[in-house]
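# Remarks on the overall topology
Spelled out from the first residue to the last, the chains are:
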Amino acid sequence: MRGDKRIKRDLHALNEDGMVLCNPRDKEAALRAQTENIATADWEAVTCPKCLALVYRHRKALKERKQNG
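These lines cover the structure that appears in this document, whether it is placed above or below. (Residues numbered from 1 in each chain as written. Predicted model: local features only at pLDDT ≥ 70, side-chain atom pairs only at ≥ 80, totals over all residues. Heavy atoms only, no water.)

Quick look at the environment of His12 now. The topology assignment puts His12 in strand E1 (residues 12-13). The exposure class of His12 is buried, given its relative accessible area of 17%. A C-alpha to C-alpha distance of 6.2 Å links His12 and Cys51, two positions 39 residues apart in sequence. With residues up to four places along the chain from it excluded, the contact list for His12 reads Val20, Cys22, Ile38, Ala39, Thr40, Val46, Cys48 and Cys51. (Helix = DSSP H or I, 4+ residues; strand = E, 2+ residues; numbered from the N terminus. Buried < 20%, exposed > 50% of the residue type's maximum accessible area, 1.4 Å probe, protein only. Contact = heavy atoms within 4.5 Å.)

Okay, here's the thing in structure tokens:
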């Protein structure tokens, strides 16, 4: 089996449970992302389009809760 030859990989966000944000039910994906250093808890550094959309949605919901709460 050949290794991944891509030079630049997307950086994925991790949720509170340590799972990849764009695929939270796949434990293997979370482990693979962490071992390949393509996962981060710093949501400012994320480059994965799916993770970015989910981060923005989460932040928007938090902002609305603060305003309503």
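Let us now look at helix H1 (residues 27-35). Buried within H1 are the following residues: Ala29, Ala30 and Ala33. End-on, the buried residues of H1 take up no more than an arc of 100 degrees, which puts them together on one face. Among the exposed residues of H1, those oriented more than 90 degrees off its buried face are Lys27, Glu28, Leu31 and Thr35. The secondary structure elements touched by the buried residues of H1 are strand E2 (39-40). The N-cap residue of H1 is Asp26: its side-chain oxygen and the backbone nitrogen of Glu28 are 3.2 Å apart. Looking one or two residues beyond H1, the residue adopting positive phi is Asn37, at roughly 55 degrees. (Arc of directions from axis to C-beta. Polar contact = N/O pair within 3.5 Å; in protein donor to acceptor, adjacent residues only side chain to side chain.)

Below, the discussion takes up the side chain of Asn15. Turning to its location among the elements, Asn15 is positioned in the loop between E1 and H1. According to the relative accessible area criterion, Asn15 is buried, its value standing at 18%. Among all residues touching Asn15, those that are not within four sequence positions of it are Leu21 and Pro24.

Of all hydrophobic cores here, the largest spans 13 residues; its most connected members are Ala13, Val20, Leu21, Trp43, Cys51 and Val55. Secondary structure elements with two or more residues in this core: H1 and helix H2 (49-68). With sequence-adjacent residues up to four places away left out, Val20 is seen in contact with His12, Ala13, Leu14, Ala29, Ala30, Ala33 and Cys51. (Core = buried A, V, L, I, M, F, W, Y, C linked by side-chain atoms within 4.5 Å.)

This part takes up the pattern of salt bridges. Pairing is possible between side chains of opposite charge, provided their charged atoms come close. Counted according to the given criterion, the structure contains 3 salt bridges. A salt bridge links Arg32 to Glu28, with the nearest nitrogen and oxygen atoms 3.4 Å apart. With Arg32 and Glu28 both in helix H1 and 4 residues apart, the pair spans about one turn of that helix. Glu28 gets classed as exposed once you look at its relative accessible area, which sits at 54%. Among the salt bridges present, the one from Glu44 reaches Arg59, with a minimum N-O distance of 2.8 Å. (Salt bridge = Lys/Arg side-chain N within 4 Å of Asp/Glu carboxyl O.)

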